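Below are the chains, spelled out letter by letter.
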Amino acid sequence: AHLQQCQHNENRSTSITEPSISPEHQETISRLEHRIVELEDTLRLKEQQILRIKRDGRLRLPSLFSGDYYFKRETVVKLSQLLSRYLENKPEAIDSSRIYNCVRKCFLDLQKDYSDNPAHYYVDMRMLLATCKATSGWWTDKQQSNISSWMSEMDWN
């Protein structure tokens, strides 16, 4: 009788199973596992991008944009450098309308021909407008048209 009792207890302890998982929870688990795989793939791609960026010597140049849109007559060259660095791939962090307003203000200052304009302002503005015209994806059609008009007005076509 004791042997039967021990065998009965042994059978009870080995027959304890994990609670069953409902189909709803199983589906959630499957979705989460799939999402983990997706995130791991994304992480791998981002790590590869970081390695490419680290190898890109151009990105070791000093930063030309600090989030400040205070470009004026004395900083036309810096503004032109900023545009030329990102000629065809404007960073999302840069508001092209605000940059356009800086370009416009600089052009208006050129038209006013202030006596205290920087020494090479005329040449610098020509470079800036030519750079603006060469950009891709920076300006609205109206802004691009204005830049072309300014260049025509100065006979810089």
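Residues numbered from 1 in each chain as written. Predicted model: local features only at pLDDT ≥ 70, side-chain atom pairs only at ≥ 80, totals over all residues. Heavy atoms only, no water.

**Section: the packing of aromatic side chains**
At step 1: In the structure shown here, the tally under the stated rule is 5 aromatic pairs.
At step 2: An angle of 80° between the planes, with centres 5.1 Å apart, marks the rings of Tyr122 and Trp156 as edge-to-face. Taken together, the positions of Tyr122 in helix H5 (residues 121-134) and Trp156 in the segment after helix H6 (141-153) put the pair 34 residues apart, joining distant regions of the chain.
At step 3: The exposure class assigned to Tyr122 is partly exposed, which follows from its relative accessible area of 43%.
At step 4: These aromatic residues form a ring-pair network of at least three members: Tyr100, Phe107, Trp138, Trp139 and Trp150. (Phe/Tyr/Trp six-rings, centres within 6.5 Å; stacked < 30°, edge-to-face > 60°. Helix = DSSP H or I, 4+ residues; strand = E, 2+ residues; numbered from the N terminus. Buried < 20%, exposed > 50% of the residue type's maximum accessible area, 1.4 Å probe, protein only.)

**Some remarks on the pattern of salt bridges**
Opposite charge on two side chains allows them to pair when their charged atoms are near.
At step 1: For the structure on display, the rule yields 6 salt bridges.
At step 2: Residues joined by salt bridges that share partners form a network here, namely Arg73, Lys105, Asp109 and Asp116. (Salt bridge = Lys/Arg side-chain N within 4 Å of Asp/Glu carboxyl O.)

**Overview of the packing of helix H4 (residues 96-112) against H6**
At step 1: Relative orientation of the contacting elements H4 and H6 amounts to 20°, with a least axis distance of 12 Å. Taken together, the axes of H4 and H6 lie roughly parallel to each other. As for the relative orientation of H4 and H6, their crossing is left-handed in sense. Packed against H4, whose contacting residues are Ser97, Tyr100, Val103, Arg104, Phe107 and Gln111, the element H6 presents Gln143, Asn146, Ile147, Trp150 and Glu153 at the interface.
At step 2: Residues belonging to the contact of H4 with H6 are distributed by class as follows: 5 nonpolar, 4 polar and 2 charged. (Axes fitted to C-alpha atoms, helices over the stretch in contact; angles between N-to-C directions. Parallel < 35°, antiparallel > 145°, perpendicular 65-115°, else oblique. Left-handed = near helix turned anticlockwise from the far one by under 90°. Contact = heavy atoms within 4.5 Å. Nonpolar A, V, L, I, M, F, W, Y, C, P; charged D, E, K, R; others polar.)

**What about unusual backbone geometry?**
At step 1: With phi around 50°, Asp113 is a residue other than glycine that occupies positive phi space.
At step 2: Following the sequence through the fold, Asp113 ends up in the loop between H4 and H5.
At step 3: We note that Asp155 has phi near 60°; this positive angle belongs to a residue other than glycine.
At step 4: Of note, Asp155 is situated in the segment after H6.

**Topic: the state of the cysteines**
At step 1: Using the criterion set out here, one finds 0 disulfides in the structure.
At step 2: Between Cys102, a cysteine without a disulfide, and Cys106, which holds the nearest cysteine sulfur, the sulfur-to-sulfur distance is 6.8 Å. (Disulfide = S-S within 2.5 Å.)

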